[in-house]
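# Topology and contacts: notes
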Amino acid sequence: MTLGKSNESRLQGILFGQTVPVDMIGVCVVLIGSTLLYYLTSTESIQFLVSMPLLFFLPGYVLVGALFPRSGQSPKTSQRKESRPLTAVRNVSRVTLPERAALAFGLSVALVPFFGFILELLPVAAFDGATFPTLVGFTLLGALIASVRRLRTPTNERFSLPFKSMFAAVSA
């Protein structure tokens, strides 16, 4: 049985992140998997490796996703092939993919000490295991907020990872 034309295009839209924020779903899957591995293993080296994305990338990525739900290229300029003059003012509400990665790393590095400081002020022992669940909770909440903000953005302006070009590059 083959899918109809509309069902096939809807499935492609979902797979390529045009209707559902696939990257935020991926963040949640990685986060849940790493949390399970962190608590189910007693080996400190595995716990260290599993916690690295949570410490250095995921919290910043969901914060960048919540702050910048639009694509890095505006719909008008992404279709033109001509170069823009150097005097053209860039729209700072749009962040490109390399900028997202750099901001995600930088914000994660900035957020982790902030959460440690906040936990030290609370009557909770911050270094007795409260930091990891705090980062997990923040990342899950941030992924939810980023998904809602991205779904409220018009489809032609919505950020999605360039899966089509990645698949084309791999299959070529």
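Residues numbered from 1 in each chain as written. Predicted model: local features only at pLDDT ≥ 70, side-chain atom pairs only at ≥ 80, totals over all residues. Heavy atoms only, no water.

Quick look at the overall build of the protein chain now. A count of helical and extended segments in the protein chain gives 8 helices and 0 strands. Across the 172 residues in the protein chain, those meeting the buried criterion constitute 33%. The contacts of the protein chain with a sequence gap of at least 6 include a subset with a gap of at least 24, amounting to 76%. When the accessible surface of the protein chain is totalled, it reaches about 11100 Å², and 69% of it is carbon and sulfur. (Helix = DSSP H or I, 4+ residues; strand = E, 2+ residues; numbered from the N terminus. Buried < 20%, exposed > 50% of the residue type's maximum accessible area, 1.4 Å probe, protein only. Contact = heavy atoms within 4.5 Å. Areas by Shrake-Rupley, 256 points an atom, 1.4 Å probe, with all protein chains shown as cover.)

The geometry of an aromatic ring pair comes down to the distance between the two centres and the angle between the two planes. As enumerated under the stated definition, the model contains 7 aromatic pairs in all. Here Tyr38 and Tyr39 contribute two aromatic rings whose centre-to-centre distance is 5.1 Å and whose plane-to-plane angle is 90 degrees, an arrangement assigned as edge-to-face. Residue class for Tyr38 comes out partly exposed when judged on its relative accessible area of 21%. The class of Tyr39 is partly exposed, set by a relative accessible area of 48%. Ring geometry for Tyr39 against Phe132: centres 5.7 Å apart, planes inclined by 80 degrees, an arrangement best described as edge-to-face. Of this pair, Tyr39 sits in helix α2 (residues 22-40) while Phe132 sits in helix α7 (residues 131-152), and the two are 93 residues apart along the sequence. Judged by its relative accessible area of 8%, Phe132 is buried. By the ring-pair criterion, three or more aromatic residues cluster together here, those being Tyr38, Tyr39 and Phe132. Directly above the ring of Phe159 sits Arg100, whose terminal nitrogen or CZ lies 3.7 Å from the centroid. (Phe/Tyr/Trp six-rings, centres within 6.5 Å; stacked < 30°, edge-to-face > 60°. Lys NZ or Arg CZ within 6 Å of the ring centre and 35° of its normal.)

Below, the discussion takes up the nonpolar core. Among the nonpolar cores identified, the biggest contains 18 residues, and Met24, Leu54 and Tyr61 are the most heavily contacted of them. The leading source of residues in this core is α7, at 5 residues. (Core = buried A, V, L, I, M, F, W, Y, C linked by side-chain atoms within 4.5 Å.)

What follows is about the confidence of the model for the protein chain. Interpreting fine coordinate detail is not advised for predicted regions of low pLDDT. Considering every residue of the protein chain, the mean pLDDT works out to 80; 73% of them sit at 70 or more. The lowest-confidence element of the protein chain is helix α5 (residues 75-79), averaging 50 in pLDDT; the highest-confidence one is helix α4 (residues 58-67), averaging 94. (pLDDT = per-residue confidence, 0-100.)

On the surface, a nonpolar cluster with roughly 570 Å² of combined accessible area is contributed by Phe114, Phe117, Ile118, Leu121, Leu122 and Val124. Residue position: Leu121 is located in helix α6 (residues 97-121). Overall, Leu121 belongs to the exposed group, its relative accessible area being 61%. (Patch = residues over 30% accessible without salt bridge, like charges linked within 9 Å, V, L, I, M, F, W, Y side chains within 5 Å. Salt bridge = Lys/Arg side-chain N within 4 Å of Asp/Glu carboxyl O.)

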